[in-house]
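Observations on the model geometry
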Number of protein chains: 2
Amino acid sequence: MTNARLLSLVACCFSIAACSPSTVTTTSPAPAQIKLEPVGYRPQFGTMWTFDAPPLEYWKKTYGFSPDQAWLDNARLASIRLPNCSAAFVSAKGLILTNHHCVRDCEDAVSPKDTNLVETGYAALSMRDEKKCPGLYVDQLESIENVTQRVNAAVTATAPEVAATQRTRIISQIKKECEDQTKLTCQVVSLYQGGIYSLYRYRRFNDLRIVFAPEELIADFGGDPDNFTYPRWNLDAALLRAYENDKPYAPKHYFRWSKSGPEENELLFVIGNPGSTGRLLTLAQMEFLRDVGYPAQLGGYARALEAYHAVERTDPTAVRRYQNNVFSIENSRKAVIGYRTGLMDSASMSQKRAFENEFRARLASDPKMQAEYGGIYDAVASAQRELGTFDAQRRYRSFGLPQNSGGSRLLTMSGQLVRIAKESALPDAQRLTAFREAGAATIRTALLREQPVDTTYERIAIAAQLSAAKAELQADDPFLVAALDGQTPEQAAATLVSSTRVGDLAFRRSLVEGGEAAVASSVDPMIVLARKIDVMNRDIQSRADRLNAIITANNEKLGRALYAVYGTALPPDATFTLRISDGLASTYPMNGTIAPYKVTFYGLYDRWESFNKQYPFSLPRRWTDHRDRIDLSTPFNFVSTNDIIGGNSGSPIVNRSSEVVGVVFDGNIENVANRFLFQSKTARTVSVHSSAILETLIKMYNANWIADELLGKQ
Amino acid sequence: MTNARLLSLVACCFSIAACSPSTVTTTSPAPAQIKLEPVGYRPQFGTMWTFDAPPLEYWKKTYGFSPDQAWLDNARLASIRLPNCSAAFVSAKGLILTNHHCVRDCEDAVSPKDTNLVETGYAALSMRDEKKCPGLYVDQLESIENVTQRVNAAVTATAPEVAATQRTRIISQIKKECEDQTKLTCQVVSLYQGGIYSLYRYRRFNDLRIVFAPEELIADFGGDPDNFTYPRWNLDAALLRAYENDKPYAPKHYFRWSKSGPEENELLFVIGNPGSTGRLLTLAQMEFLRDVGYPAQLGGYARALEAYHAVERTDPTAVRRYQNNVFSIENSRKAVIGYRTGLMDSASMSQKRAFENEFRARLASDPKMQAEYGGIYDAVASAQRELGTFDAQRRYRSFGLPQNSGGSRLLTMSGQLVRIAKESALPDAQRLTAFREAGAATIRTALLREQPVDTTYERIAIAAQLSAAKAELQADDPFLVAALDGQTPEQAAATLVSSTRVGDLAFRRSLVEGGEAAVASSVDPMIVLARKIDVMNRDIQSRADRLNAIITANNEKLGRALYAVYGTALPPDATFTLRISDGLASTYPMNGTIAPYKVTFYGLYDRWESFNKQYPFSLPRRWTDHRDRIDLSTPFNFVSTNDIIGGNSGSPIVNRSSEVVGVVFDGNIENVANRFLFQSKTARTVSVHSSAILETLIKMYNANWIADELLGKQ
């Protein structure tokens, strides 16, 4: 099943250039260029702190907690990063704790022919039995060096394109020098949209073996409906072991295992790699998402869902066939509704407005700052406003992008077939953004794969998309004229679907391989339509790309301005690099009552029985046959106020004594809104409780040897 | 603990004149005076059907269910009414099922000296052991007769006051005749605000004995926080037995017990006595509540809560002392927020507006109807508008009413002391509404009871109330001038609290017993203030009373008009008389995921453990010591889409086969909003599952003899 939790991590990974790490080795940051008096912490920006600027004063004031450098170094070095997830060393012999959903591919890869370990679960009988995960690695952050001055010194041009090239060049150079000198993996991380450049040096471990992973049904209990929610019962945990030279690696730094887990209201830290947040966006950008971008996205989801349900009404067997598609769209919709809910919260938006007004006043009070940064907000607002004036036209013309095809696979593929041919012929820099580099390769692979096309569904989905266009666009809009060709949306959809061959793999291959010439000469009606649309799309998309470039450039200036004024009192937006976030294990108001800070195995069996044991609330045999072995009062999942987002999956959550009390795997529904504006009144991080993992290892898997190792008894 | 669930029932009982039943004996309804074509069912009006107009067509169309008259008669006669609750016969020997919270007073009364049965729970060892509940009775609805024509024929006057007197007289006469002739208990029920008058004849049972009631901790598990919510684990059930001539009564009609309870999506009926709904109110009335009435009420709750919390910050021992007050206010606030949430829902309000427009158009299409009813909406809207112009002034001047005293007991009592003296001297009809008849007696009793007064709390609460008045009123408002007397709110509060003797019972008694003369000569500063306020209050309150009388009169006309146009296709507002509501046992979207239609004993122990066994999530000894006796997969509570409100507590919920599958005890948080506009997408009725009651009787109380009787084995 497609899982939005996974998707959001993948998305984070694709959207962040920093995804395959790179960078270097000293630790004292260069003095930040602060122009005005620095000011204190603002809750709306959250608590994703970097390790070179831990907020010691704020922690001391808030919690009476003053960790020393050894505590911080241990936290940093015991925490590691998987390609898409976070993780931590949790034993003296190199055991690594992360999420089940982070090692699913490894489980798949190491499964014997006749068994699917993802389904059956796995616990090694001994070290010998541990299975190597092909291609998997982790990175451990050895050191951070502030290289802002060196980067800035190398960027001498004022023309943005030249400056960007200079920046890319110096960053590559710093990375290469670092890797040559240290043999480590190096990455130059841009924080505050260029306010700071930091060189991160990682030690990489390439030999990881799977030690324990429970069945997917228990790891993902409740499936898509329960995704992003709490109370929750997911044993979303797994153990790997790092090897060096074919021997278990003995880390100097690891988190000891907490047998009892967190107390209520205990101070906890999440140390992991949050992927992407938008907290430094301007109010104008947030309003655009709230009023234009997200509503359009939600409209597309609604049309796709309605099309599935329309097919289901005439064909009951379709319910099962479409279940995963429907769940997956509902899950994406859940996330977007969550983002938008945050932006619709007038209290949060007022805080944002108040902050922006205060910050603009501060800039205005310093002529030099005002000259350099004073125009940022107006420039962004004006570009957003202009984007809004033609967003609908642009959206309907760009149906080569799945999110703009209203759920129609045929629309998506015909758009892609035409565009990939045309764009591939251009130099990379001149292509439309979605068709550059890796993007184009992914699209090509998808086009050359067998893809089932349900013509009933397609007819309904395309008709719905055309009806929506008709409702949103002027009657003489060239897209409408071309797509409808004088027919009703239903007629046009029926004509297109019945006569196109885009659903046929051989036909698609002939176009992909035939390139521009093959596409240009095709008489397939959907290809003919896509060709017409492509011409009008290119103009409008280029105009949008230009405006988005203005916004990006001003966001970068804004990041620098914020850093100049507030320094590290405000944590930078997430960059899929190591952060430490503080929080409390605490209850919260929910559904008219209180959600407890923890739930127990009792609740797992309650939810299983309550839904009559039906998927996704079904349980593996082991868990139903042997439930009497378990102490049902053992805590299972728990929540805390730590600040997380996609990429934090698998993060250790630890107490003041550096003991790991659990592993982070999700947020509650209120946490989704935290992408833009952080609040901890109801938003919570959801973790697997350390006791639940022990109980499972001992009672369900008879894997006492692993439990003993976690408890330091071996 | 004060419990808003109980309060809402009490409120229903006091607010409805029909509370001590009365009325008579034939069954064919007189033809309704339908002027226009009748039109169909509108979901927003809900499903509280009367037994003389069951919606047979709608049930057949919606569920394919066509009960015969015998089914309906059995449902009516097996269902009975307690003074504040609903109930049902559930065995051949007269066992009665209702809620624990409906028999709490009886348990208290029959407790032996050294044991509190409310705490310990009780199950009779045999019939001999059943204990008589002093003063308790139930009424069984024998028959319904439409007496509209007789009532209307007797009302010949056009002047409203004279017409009201004529109506009261004929209603008393019908009731008396009925009781003389039949020896039954009779009641004339006004439905559709006077659209129909129905004579209800009841057989009364005066000898009720308690058979089984579990411990309050398990009946009310989760206490105030979980009140009005779901998922839920309340064993809020009890069994009584009806006796006649000291022998168990053998009812001809009773519901057989369902051993397995409801299936998911099964059709179920709730038969009970909903207290009060406001679905026939006009949009203008609903908007007034949403924009003026409820916000003011919420402001008062907020100030009272803030005052408690302010005391708690300086005195940690106060947390425990105020726990019940705080819970109780939070619970009332939960209800009001729920009501208001419904009124803030733009989709529901649009439906309401659409209905009103349609109905007004229908009236306008008939000149005779238009002449009689055309002015209703404008008259109500204009009166509401005028009420809005002086609502704040009226509210602050009427602090003899607890809801207008911002949580201050001293303000409430001083206002009451002055007014009760003055109003008691007037003929009843000339008194301010709150001080007539029963109301005055209740106030007098409260004044003559020892009432602890916390001066720290009072100072803060009064200062907050005066500050709120200062913010809302003009500076020269006579209330402000009198109350502040040139001081700040804090100074004025401190002066009043330190020098008044209103907290002293002996002082209050001297004023109550001394009457007007004693009050007039008092120099106590709070009494002096209350005297001044009383003068200005009387004028403004009389003006409000006059406007409210206009609204009431027009509401009555509206009820008649609606009935004339729609007949019984729309059920009448609730009147604490017998109704039957259809619904399905179904899951619903909640908290980003799905709430199951049922929960099990597993979940009870999960919630107990999750909150570390702390009150109100603690459990009685029996339930912790013997939990291994229980089959934890037994269903506990379940939800359905039936339409209920306060007064429905204890209602049987039965299936098509007339088996009782549970007992209704609450609604979920979304159901609270249904007071004005019914919706069944997320609103649910919450019931105790029939299996949970059996499991408890057998495994926890060893009361197999009772379980066997329920199952018809004895």
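Our subject is the structure that appears above.
None of these values were measured; they are calculated from a predicted model. (Residues numbered from 1 in each chain as written. Chains lettered and ligands numbered in written order. Predicted model: local features only at pLDDT ≥ 70, side-chain atom pairs only at ≥ 80, totals over all residues. Heavy atoms only, no water.)

As for the overall build of chain A
Spelled out, the test is: The helix count covers DSSP runs of H or I at least four residues long, the strand count covers runs of E at least two residues long, and both are numbered beginning at the N terminus. The size measure is the radius of gyration over C-alpha atoms, and the globule rule it meets is 2.2 Å times the number of residues to the 0.38 power. In this scheme, a residue with accessible area under 20% of its type's maximum is buried, one over 50% is exposed, and one in between is partly exposed, where area comes from a 1.4 Å probe on protein chains only. Note on contacts: a residue pair qualifies if any of its non-hydrogen atoms lie within 4.5 Å across the two residues. Residue exposure ignores everything except the shown protein chains as possible cover, and the areas themselves are Shrake-Rupley values with a 1.4 Å probe.
Helices and strands together make up the secondary structure of chain A, namely 27 helices and 21 strands. Over its C-alpha atoms chain A spans a radius of gyration of 26 Å, differing by no more than 12% from the 27 Å that the globule rule assigns to 714 residues. Along the three orthogonal principal directions, the C-alpha set of chain A runs to about 75 × 70 × 55 Å. By residue count, 59% of the 714 residues in chain A fall in the buried class. Residue pairs at least 24 apart in sequence account for 78% of intrachain contacts in chain A once pairs closer than 6 positions are excluded. With an accessible surface of roughly 28,000 Å², chain A has 52% of that area assigned to carbon and sulfur atoms.

Quick look at the relation of the copies chain B and chain A
To keep things clear, this is the line we draw: Least-squares fitting of one copy onto the other uses the C-alpha atoms of those residues that reach a pLDDT of at least 70 in both copies.
Rotating chain B by 180° and translating it 0.0 Å along the rotation axis places it on chain A, where the RMSD comes to 0.1 Å. Expressed as a symmetry operation, the mapping of one chain copy onto the other fits a two-fold axis. Same-surface contact between copies: 100% of interface residues of chain B are shared with the interface of chain A.

With respect to the state of the cysteines
Throughout this description, disulfide means a covalent bond between two cysteine sulfur atoms. Residue and element names in this part refer to chain A. Rules: Put simply, a disulfide is two cysteine sulfurs that come within 2.5 Å.
Counted by the stated rule, this structure contains six disulfides over all chains. In this model C85 forms its disulfide with C102; the gap between the sulfur atoms is 2.1 Å. Around the S-S axis, the bridge from C85 to C102 shows a dihedral of about -85° and counts as left-handed. Of this pair, C85 sits in the loop between β1 (79–81) and β2 (86–89) while C102 sits in the loop between β3 (95–98) and α4 (104–110), and the two are 17 residues apart along the sequence. Given a relative accessible area of 14%, C102 falls into the buried group. Disulfide pairing is shown between C106 and C133; the S-S distance is 1.9 Å. Looking along the S-S bond of the C106-C133 disulfide, the torsion reads about -70°, which is the left-handed sense. Taken together, the residues C106 in helix α4 and C133 in the loop between β5 (131–132) and β6 (138–146) connect sequence positions 27 residues apart. With respect to class, C106 is no different from C133; both count as buried.

Structural notes on the packing of aromatic side chains
All names here are of chain A. In plain terms, the rule: Ring geometry is summarised as follows: Phe, Tyr and Trp rings, the Trp one being its six-membered ring, pair when their centres sit within 6.5 Å, and such pairs are stacked at plane angles under 30 degrees, edge-to-face over 60 and tilted between the two.
As enumerated under the stated definition, the model contains 62 aromatic pairs over all chains in all. Relative to Y457, the ring of Y322 has its centre 6.0 Å away and its plane inclined at 50°; by these criteria the two rings are tilted. Within this pair, whereas Y322 is found in helix α11 (residues 318–344), its partner Y457 is found in helix α18 (residues 455–472), the two being separated by 135 residues in sequence. Each member of the pair, Y322 as well as Y457, carries the same accessibility label: buried. A centroid spacing of 6.5 Å and a plane angle of 80° characterise the contact between F359 and Y377, whose relative ring orientation is edge-to-face. Of the two residues, F359 is situated in helix α12 (residues 346–364) and Y377 in helix α14 (residues 376–389); the sequence distance between them amounts to 18 residues.

Description of unusual backbone geometry
A cis geometry characterises the amide bond from Y230(A) onward to P231(A), with omega recorded as 0°. If you trace the backbone, P231(A) turns up in the loop between α9 (223–226) and β10 (238–244). Y615(B) connects to P616(B) through a cis peptide bond whose omega is 5°. As for its position among the elements, P616(B) is in the loop between α23 (601–610) and α24 (621–625). Positive phi outside glycine occurs at K183(B), with the angle close to 60°.

A look at the interface of chain B and chain A
Where interface size is quoted, it is often the accessible area lost as the parts come together. How we decide: By convention, the term buried area covers the 1.4 Å-probe accessible surface removed from two parts as they join, with the contributions of both added. By salt bridge we mean one thing: a side-chain nitrogen of Lys or Arg within 4 Å of a carboxyl oxygen of Asp or Glu. Two N or O atoms count as a polar contact when they lie within 3.5 Å, although within protein this holds only if one can serve as hydrogen donor and the other as acceptor, and sequence-adjacent residues are included solely when both atoms are side-chain atoms.
Each side of the interface is counted separately: chain B has 34 residues, and chain A has 34 residues. For the chain B and chain A pair, buried surface summed over both sides reaches about 2,500 Å², with 55% attributable to carbon and sulfur atoms. Contact with chain A buries surface across chain B, with N591(B), Y602(B) and D606(B) losing the most and accounting together for 24% of the total. There are zero salt bridges connecting chain B and chain A. Across the contact surface, chain B and chain A share 20 residue pairs in polar contact (both at pLDDT 80 or more). Counting residues per element, the ones that place at least two in the side of chain B that touches chain A are α9 (223–226), β16 (593–595), β17 (598–600) and α23 of chain B. Broken down by element, the side of chain B that touches chain A gets its largest block of residues, seven residues, from α23(B).

Some details on the pairing of strand β7 (residues 185–191) of chain B
Residues and elements named next belong to chain B. Worth spelling out the cut-off: Pairing between strands is defined by DSSP: at least two bridges between them are needed.
Counting buried positions over the seven residues of β7 gives six, a clear majority of the element. Note: β7 against strand β8 (residues 196–205), seven bridges, orientation antiparallel. Bridging across to β8, S190 finds its partner in Y197. Hairpin geometry of β7 and β8 is characterised by an intervening segment of four residues between the two adjacent antiparallel strands and by a positive phi of about 50° at Y192.

Digging into the pattern of salt bridges
Considering all chains together, one arrives at 73 salt bridges over all chains under this definition. The partner of K175(A) in a salt bridge is E179(A), with the nearest N and O atoms 3.1 Å apart. Here E179(A) and K175(A) lie together in helix α7 (residues 160–182), a separation of four residues that amounts to about one turn. Look at E179(A) and you get partly exposed, because its relative accessible area is 25%. As a salt-bridge pair, D391(B) and R394(B) come within 3.2 Å of each other at their nearest N and O atoms. Placement of both D391(B) and R394(B) in helix α15 (residues 391–397) is noted, with a separation of three residues, approximately one turn of the helix. As far as burial versus exposure is concerned, D391(B) and R394(B) are alike and both buried. Connected via shared salt-bridge partners are D391(A), R394(A), R395(A) and E472(A).

Some words on the side chain of E709(A)
As for its placement among the helices and strands, E709(A) is situated in helix α27 (residues 704–710). Residue classification places E709(A) among the buried residues on the basis of a relative accessible area of 4%.

Some thoughts on helix α17 (residues 437–447) of chain A
All names here are of chain A. To be explicit about the condition: Taking the helix axis as origin, the arc is that swept by the directions to the C-beta atoms.
Within α17, burial applies to A440, I443, A446 and L447. Down the axis of α17, the sector holding all buried residues measures 125°, keeping them to one side. Turned more than 90 degrees off the buried face of α17, the exposed positions are E437, A438 and T442. Those residues of α17 hidden inside the fold are in contact with α16 (409–424) and α21 (505–521).

Description of the environment of D139(B)
Residues and elements named next belong to chain B. If you trace the backbone, D139 turns up in strand β6 (residues 138–146). Here D139 falls in the buried class, since its relative accessible area comes to 2%. Along the primary structure D139 and K93 are separated by 46 residues, whereas in three dimensions their C-alpha atoms are 17 Å apart. Reaching out from D139, the side chain makes a polar contact with the side chain of R204 at a distance of 2.8 Å.

A word on the side chain of N648(B)
Considering the arrangement of structural elements, one finds N648(B) in the loop between β18 (635–640) and β19 (652–654). Among all residues touching N648(B), those that are not within four sequence positions of it are S86(B), V270(B), G272(B), N273(B), P274(B), D643(B) and V664(B).

A look at the packing of α16(A) against α18(A)
Residues and elements named next belong to chain A. Put simply, the rule is: Inter-axis angles, ranging from 0 to 180 degrees, are taken between N-to-C directions of lines fitted to C-alpha atoms, where helices are fitted over the stretch in contact. Oblique is the label for any angle not covered by the other classes, which are roughly parallel (under 35 degrees), roughly antiparallel (over 145) and roughly perpendicular (65 to 115). Charged residues are taken to be Asp, Glu, Lys and Arg, nonpolar residues to be Ala, Val, Leu, Ile, Met, Phe, Trp, Tyr, Cys and Pro, and polar residues to be all remaining types, Gly included.
Remark: α16 packs on α18, axes separated minimally by 8 Å, with the N-to-C direction vectors making an angle of 75°. By the angle between their axes, α16 is roughly perpendicular relative to α18. Mapping the contact onto sequence places R409, L410 and L411 in α16 and E458, I462 and Q465 in α18. Partitioning the contact of α16 with α18 into residue classes produces three nonpolar, one polar and two charged.

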